[in-house]
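Architecture and fold: a report
This is what each chain is made of:
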Amino acid sequence: MTARSPIVGGNWKMNTDRAGAVALARAVAAGVRPLAGVQTVVFPPFVYLSEVAAALAQSGGGASLGAQDCYHAEKGAFTGEISVGMLKDCGAAWVLAGHSERRHVMHEGDDLVNLKLRAALHAGLSVILCVGEKLEQRLTGQTDTVNERQVRLGLRSVEPSELARIVIAYEPVWAIGTGKTATPQDAQDAHRHIRSVVADMFGTPAANALRIQYGGSVTAANAQGLMAQPDIDGALVGGASLKADEFTAICAAAANAR
Ligand code: 13P
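If you're wondering where the values come from, they're calculated on a predicted model, not measured in any experiment. (Residues numbered from 1 in each chain as written. Predicted model: local features only at pLDDT ≥ 70, side-chain atom pairs only at ≥ 80, totals over all residues. Heavy atoms only, no water.)

**A closer look at the site of the ligand**
As a matter of local geometry, the ligand sits amid 13 residues, with Lys13, His99, Gly177, Ser217 and Gly239 nearest to it. Within the side chain of asparagine 11, a nitrogen or oxygen atom sits 3.1 Å from an oxygen atom of the ligand. Measuring from an oxygen atom of the ligand, one finds a side-chain N or O atom of glutamate 171 at 2.9 Å. Starting from 310 Å² of accessible surface for the ligand in isolation, the protein chains cover 95%. Residues belonging to the shell around the ligand are distributed by class as follows: 4 nonpolar, 7 polar and 2 charged. (Near = heavy atom within 4 Å. Polar contact = N/O pair within 3.5 Å; in protein donor to acceptor, adjacent residues only side chain to side chain. Areas by Shrake-Rupley, 256 points an atom, 1.4 Å probe, with all protein chains shown as cover. Nonpolar A, V, L, I, M, F, W, Y, C, P; charged D, E, K, R; others polar.)

**Some points on the nonpolar core**
Of all hydrophobic cores here, the largest spans 68 residues; its most connected members are Val52, Leu117, Leu155, Ile168, Val198 and Tyr214. Beyond its immediate stretch of four places on either side in the chain, tyrosine 214 contacts Tyr170, Pro172, Ala175, Thr181, Ala182, Ala187, His191, Leu226, Ile232, Gly234, Ala235 and Leu236. Listed in part, the 10 residues of the second largest apolar core include Ile7, Val41, Leu96 and Ile128. (Core = buried A, V, L, I, M, F, W, Y, C linked by side-chain atoms within 4.5 Å. Buried < 20%, exposed > 50% of the residue type's maximum accessible area, 1.4 Å probe, protein only. Contact = heavy atoms within 4.5 Å.)

**Re the pairing of strand E4 (residues 94–97)**
Within a regular strand, side chains alternate between the sheet's two faces. Taking every second residue as pointing to the same face, both faces of E4 are buried, with Trp94 and Leu96 on one and Val95 and Ala97 on the other. Judged from the 2 bridges that link them, strand E3 (residues 64–67) and E4 form a sheet pairing that is parallel. Counterpart to glycine 66 in the pairing with E4 is tryptophan 94. Note that the unit made of E3, helix H3 (residues 84–89) and E4 has a crossover that is right-handed. Pairing between E4 and strand E5 (residues 126–131): 4 bridges, direction parallel. (Helix = DSSP H or I, 4+ residues; strand = E, 2+ residues; numbered from the N terminus. Pairing = 2+ DSSP bridges. Right-handed = clockwise from strand over helix to strand, strands pointing away.)

What follows is the structure in C-alpha coordinates.
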(Lines give C-alpha, C1' and ligand atoms only; values in the text may rest on other atoms or scores of the structure.)
Protein backbone atom coordinates (compact mmCIF):
# COMPACT_ATOMS: atom_id res chain seq x y z
CA MET A 1 0.00 0.00 0.00
CA THR A 2 1.16 3.54 -0.73
CA ALA A 3 2.45 5.40 2.33
CA ARG A 4 0.29 8.47 2.90
CA SER A 5 1.55 11.42 4.92
CA PRO A 6 -1.16 12.76 7.24
CA ILE A 7 -2.75 16.17 6.79
CA VAL A 8 -4.57 18.16 9.47
CA GLY A 9 -6.73 21.16 8.66
CA GLY A 10 -7.95 23.80 11.08
CA ASN A 11 -11.28 25.18 9.86
CA TRP A 12 -11.79 28.36 11.85
CA LYS A 13 -15.28 28.85 10.35
CA MET A 14 -16.81 32.27 11.20
CA ASN A 15 -14.60 32.81 14.24
CA THR A 16 -11.68 35.01 15.33
CA ASP A 17 -11.12 38.69 14.72
CA ARG A 18 -8.23 40.35 12.94
CA ALA A 19 -5.82 40.34 15.90
CA GLY A 20 -7.00 36.94 17.11
CA ALA A 21 -6.53 35.34 13.69
CA VAL A 22 -2.96 36.60 13.43
CA ALA A 23 -2.14 35.48 16.98
CA LEU A 24 -3.66 32.04 16.38
CA ALA A 25 -1.76 31.63 13.10
CA ARG A 26 1.52 32.51 14.82
CA ALA A 27 0.84 30.11 17.69
CA VAL A 28 -0.14 27.27 15.34
CA ALA A 29 2.94 27.82 13.17
CA ALA A 30 5.18 27.71 16.24
CA GLY A 31 3.41 24.64 17.59
CA VAL A 32 3.60 22.51 14.45
CA ARG A 33 7.12 23.53 13.39
CA PRO A 34 8.86 20.74 15.36
CA LEU A 35 6.46 18.08 14.08
CA ALA A 36 7.81 15.96 11.25
CA GLY A 37 5.70 14.19 8.69
CA VAL A 38 2.36 15.97 9.12
CA GLN A 39 1.05 18.66 6.81
CA THR A 40 -0.93 21.45 8.45
CA VAL A 41 -3.34 23.89 6.81
CA VAL A 42 -5.37 26.66 8.49
CA PHE A 43 -8.61 28.01 7.02
CA PRO A 44 -9.37 31.48 8.41
CA PRO A 45 -12.30 33.64 7.30
CA PHE A 46 -11.77 35.26 3.86
CA VAL A 47 -11.23 38.74 5.29
CA TYR A 48 -8.20 37.67 7.33
CA LEU A 49 -6.48 35.56 4.65
CA SER A 50 -3.85 38.13 3.70
CA GLU A 51 -2.93 38.91 7.28
CA VAL A 52 -2.75 35.24 8.21
CA ALA A 53 -0.61 34.62 5.10
CA ALA A 54 1.82 37.28 6.29
CA ALA A 55 1.83 35.90 9.84
CA LEU A 56 2.54 32.37 8.59
CA ALA A 57 5.33 33.61 6.32
CA GLN A 58 6.91 35.55 9.20
CA SER A 59 6.68 32.42 11.32
CA GLY A 60 8.86 30.57 8.82
CA GLY A 61 6.23 28.38 7.18
CA GLY A 62 5.22 25.16 8.86
CA ALA A 63 1.53 25.69 8.22
CA SER A 64 -0.15 26.37 4.87
CA LEU A 65 -3.10 28.63 4.17
CA GLY A 66 -6.52 27.73 2.80
CA ALA A 67 -9.92 29.32 2.28
CA GLN A 68 -13.22 27.93 3.48
CA ASP A 69 -15.05 28.31 0.15
CA CYS A 70 -14.79 29.88 -3.29
CA TYR A 71 -16.92 30.72 -6.30
CA HIS A 72 -16.25 29.06 -9.64
CA ALA A 73 -16.60 32.07 -11.97
CA GLU A 74 -13.42 33.98 -12.73
CA LYS A 75 -14.92 37.43 -12.13
CA GLY A 76 -18.05 39.47 -12.72
CA ALA A 77 -21.43 40.26 -11.23
CA PHE A 78 -21.52 37.77 -8.34
CA THR A 79 -22.11 40.00 -5.33
CA GLY A 80 -20.55 38.64 -2.17
CA GLU A 81 -18.60 35.85 -3.86
CA ILE A 82 -14.83 35.28 -3.93
CA SER A 83 -12.99 33.83 -6.94
CA VAL A 84 -10.17 31.30 -6.79
CA GLY A 85 -7.89 33.93 -8.34
CA MET A 86 -8.61 36.26 -5.43
CA LEU A 87 -7.80 33.47 -2.97
CA LYS A 88 -4.46 32.84 -4.65
CA ASP A 89 -3.78 36.57 -4.64
CA CYS A 90 -4.24 36.52 -0.85
CA GLY A 91 -1.78 33.64 -0.45
CA ALA A 92 -4.12 30.67 -0.20
CA ALA A 93 -2.92 27.33 -1.58
CA TRP A 94 -5.93 25.30 -0.45
CA VAL A 95 -9.71 25.61 -0.47
CA LEU A 96 -12.54 23.60 1.05
CA ALA A 97 -15.32 22.43 -1.27
CA GLY A 98 -18.68 21.16 -0.11
CA HIS A 99 -18.26 21.70 3.60
CA SER A 100 -21.29 20.46 5.52
CA GLU A 101 -22.30 24.00 6.47
CA ARG A 102 -22.16 25.11 2.84
CA ARG A 103 -24.29 22.10 1.85
CA HIS A 104 -26.82 22.20 4.67
CA VAL A 105 -26.94 25.81 5.88
CA MET A 106 -26.35 27.51 2.51
CA HIS A 107 -28.07 24.69 0.54
CA GLU A 108 -25.26 24.11 -1.95
CA GLY A 109 -25.77 21.02 -4.10
CA ASP A 110 -23.33 18.52 -5.55
CA ASP A 111 -23.25 20.24 -8.95
CA LEU A 112 -22.11 23.55 -7.46
CA VAL A 113 -19.57 21.78 -5.25
CA ASN A 114 -18.16 20.09 -8.36
CA LEU A 115 -17.93 23.40 -10.25
CA LYS A 116 -16.06 25.00 -7.34
CA LEU A 117 -13.70 22.05 -6.94
CA ARG A 118 -12.84 22.05 -10.64
CA ALA A 119 -12.35 25.82 -10.75
CA ALA A 120 -9.95 25.58 -7.81
CA LEU A 121 -8.00 22.72 -9.38
CA HIS A 122 -7.86 24.55 -12.69
CA ALA A 123 -6.32 27.55 -10.92
CA GLY A 124 -3.67 25.34 -9.33
CA LEU A 125 -5.08 25.22 -5.82
CA SER A 126 -5.37 22.06 -3.75
CA VAL A 127 -8.85 21.11 -2.57
CA ILE A 128 -10.38 19.35 0.40
CA LEU A 129 -13.68 17.85 -0.76
CA CYS A 130 -15.94 17.43 2.27
CA VAL A 131 -18.59 14.70 2.36
CA GLY A 132 -20.73 13.14 5.04
CA GLU A 133 -24.15 11.83 5.95
CA LYS A 134 -26.82 13.37 8.17
CA LEU A 135 -28.05 11.58 11.29
CA GLU A 136 -31.27 10.31 9.74
CA GLN A 137 -29.31 8.98 6.79
CA ARG A 138 -26.99 7.05 9.13
CA LEU A 139 -29.92 5.73 11.13
CA THR A 140 -31.60 4.47 7.97
CA GLY A 141 -28.47 2.73 6.67
CA GLN A 142 -27.66 5.24 3.93
CA THR A 143 -24.19 6.30 5.10
CA ASP A 144 -22.24 4.63 2.31
CA THR A 145 -24.77 5.60 -0.37
CA VAL A 146 -24.69 9.27 0.60
CA ASN A 147 -20.90 9.40 0.78
CA GLU A 148 -20.59 7.57 -2.52
CA ARG A 149 -22.94 10.01 -4.25
CA GLN A 150 -21.12 13.06 -2.86
CA VAL A 151 -17.72 11.62 -3.86
CA ARG A 152 -18.81 10.61 -7.38
CA LEU A 153 -20.57 13.91 -8.12
CA GLY A 154 -17.92 15.99 -6.36
CA LEU A 155 -15.11 14.40 -8.39
CA ARG A 156 -17.01 14.28 -11.69
CA SER A 157 -14.83 15.26 -14.68
CA VAL A 158 -11.70 15.52 -12.53
CA GLU A 159 -8.59 14.45 -14.46
CA PRO A 160 -6.60 11.57 -12.93
CA SER A 161 -3.55 13.84 -12.87
CA GLU A 162 -5.46 16.28 -10.63
CA LEU A 163 -6.27 13.74 -7.94
CA ALA A 164 -2.92 14.31 -6.23
CA ARG A 165 -4.15 17.82 -5.33
CA ILE A 166 -7.33 16.52 -3.72
CA VAL A 167 -7.95 15.40 -0.15
CA ILE A 168 -11.34 14.06 0.94
CA ALA A 169 -12.69 14.92 4.38
CA TYR A 170 -15.30 12.55 5.77
CA GLU A 171 -17.32 14.69 8.15
CA PRO A 172 -20.56 13.08 9.35
CA VAL A 173 -22.98 15.97 9.77
CA TRP A 174 -24.22 14.68 13.15
CA ALA A 175 -20.67 14.76 14.53
CA ILE A 176 -19.87 18.36 13.57
CA GLY A 177 -19.85 20.73 16.52
CA THR A 178 -21.88 18.32 18.64
CA GLY A 179 -19.22 16.63 20.74
CA LYS A 180 -20.43 13.31 19.27
CA THR A 181 -17.45 11.83 17.46
CA ALA A 182 -17.80 8.80 15.19
CA THR A 183 -16.19 5.77 16.79
CA PRO A 184 -12.82 4.97 15.23
CA GLN A 185 -14.36 1.83 13.71
CA ASP A 186 -17.39 3.65 12.23
CA ALA A 187 -15.09 6.30 10.79
CA GLN A 188 -12.73 3.64 9.42
CA ASP A 189 -15.64 1.82 7.75
CA ALA A 190 -16.80 5.02 6.03
CA HIS A 191 -13.25 5.89 4.96
CA ARG A 192 -12.70 2.42 3.52
CA HIS A 193 -15.88 2.70 1.50
CA ILE A 194 -14.94 6.17 0.22
CA ARG A 195 -11.53 4.82 -0.83
CA SER A 196 -13.21 1.96 -2.69
CA VAL A 197 -15.38 4.47 -4.60
CA VAL A 198 -12.28 6.45 -5.58
CA ALA A 199 -10.61 3.19 -6.64
CA ASP A 200 -13.58 2.46 -8.89
CA MET A 201 -13.32 5.93 -10.44
CA PHE A 202 -9.55 6.38 -10.68
CA GLY A 203 -7.96 2.96 -10.06
CA THR A 204 -6.49 1.35 -6.97
CA PRO A 205 -3.03 2.99 -6.95
CA ALA A 206 -4.57 6.48 -7.12
CA ALA A 207 -7.09 5.61 -4.40
CA ASN A 208 -4.36 4.24 -2.17
CA ALA A 209 -2.40 7.47 -2.54
CA LEU A 210 -5.44 9.67 -1.72
CA ARG A 211 -5.56 11.13 1.77
CA ILE A 212 -8.91 10.93 3.58
CA GLN A 213 -9.35 13.03 6.73
CA TYR A 214 -11.92 12.52 9.45
CA GLY A 215 -13.78 15.56 10.77
CA GLY A 216 -16.44 15.99 13.44
CA SER A 217 -15.72 16.88 17.07
CA VAL A 218 -12.06 15.87 16.84
CA THR A 219 -10.18 16.80 20.02
CA ALA A 220 -6.75 16.13 21.47
CA ALA A 221 -8.42 13.43 23.59
CA ASN A 222 -9.96 11.40 20.76
CA ALA A 223 -7.47 12.06 17.95
CA GLN A 224 -5.12 9.19 18.74
CA GLY A 225 -7.79 6.48 18.39
CA LEU A 226 -9.05 7.94 15.13
CA MET A 227 -5.59 8.46 13.63
CA ALA A 228 -4.64 4.85 14.40
CA GLN A 229 -7.14 3.60 11.80
CA PRO A 230 -5.54 2.45 8.55
CA ASP A 231 -7.71 4.55 6.22
CA ILE A 232 -7.75 7.75 8.35
CA ASP A 233 -5.01 10.08 7.13
CA GLY A 234 -5.51 13.12 9.33
CA ALA A 235 -8.29 15.36 10.57
CA LEU A 236 -10.32 18.39 9.63
CA VAL A 237 -10.83 20.21 12.90
CA GLY A 238 -13.36 22.92 13.73
CA GLY A 239 -13.80 24.02 17.35
CA ALA A 240 -10.55 22.53 18.64
CA SER A 241 -8.56 24.33 15.91
CA LEU A 242 -9.26 27.66 17.65
CA LYS A 243 -6.97 26.64 20.52
CA ALA A 244 -3.37 26.45 19.30
CA ASP A 245 -2.26 23.96 21.97
CA GLU A 246 -5.10 21.57 21.33
CA PHE A 247 -4.75 21.84 17.56
CA THR A 248 -1.02 21.18 17.84
CA ALA A 249 -1.74 18.09 19.97
CA ILE A 250 -4.07 16.79 17.24
CA CYS A 251 -1.37 17.39 14.62
CA ALA A 252 1.10 15.52 16.84
CA ALA A 253 -1.33 12.58 17.16
CA ALA A 254 -1.59 12.44 13.35
CA ALA A 255 2.20 12.59 12.98
CA ASN A 256 2.75 9.89 15.58
CA ALA A 257 0.23 7.53 14.01
CA ARG A 258 2.53 6.96 11.01
P1 13P B 1 -15.93 20.51 14.82
O2 13P B 1 -14.52 19.99 15.00
O3 13P B 1 -16.20 21.76 15.55
O4 13P B 1 -16.93 19.43 15.08
O5 13P B 1 -16.07 20.89 13.27
C6 13P B 1 -15.69 19.97 12.30
C7 13P B 1 -15.71 20.64 10.98
O8 13P B 1 -16.75 20.97 10.46
C9 13P B 1 -14.41 20.92 10.36
O10 13P B 1 -14.58 21.32 9.03
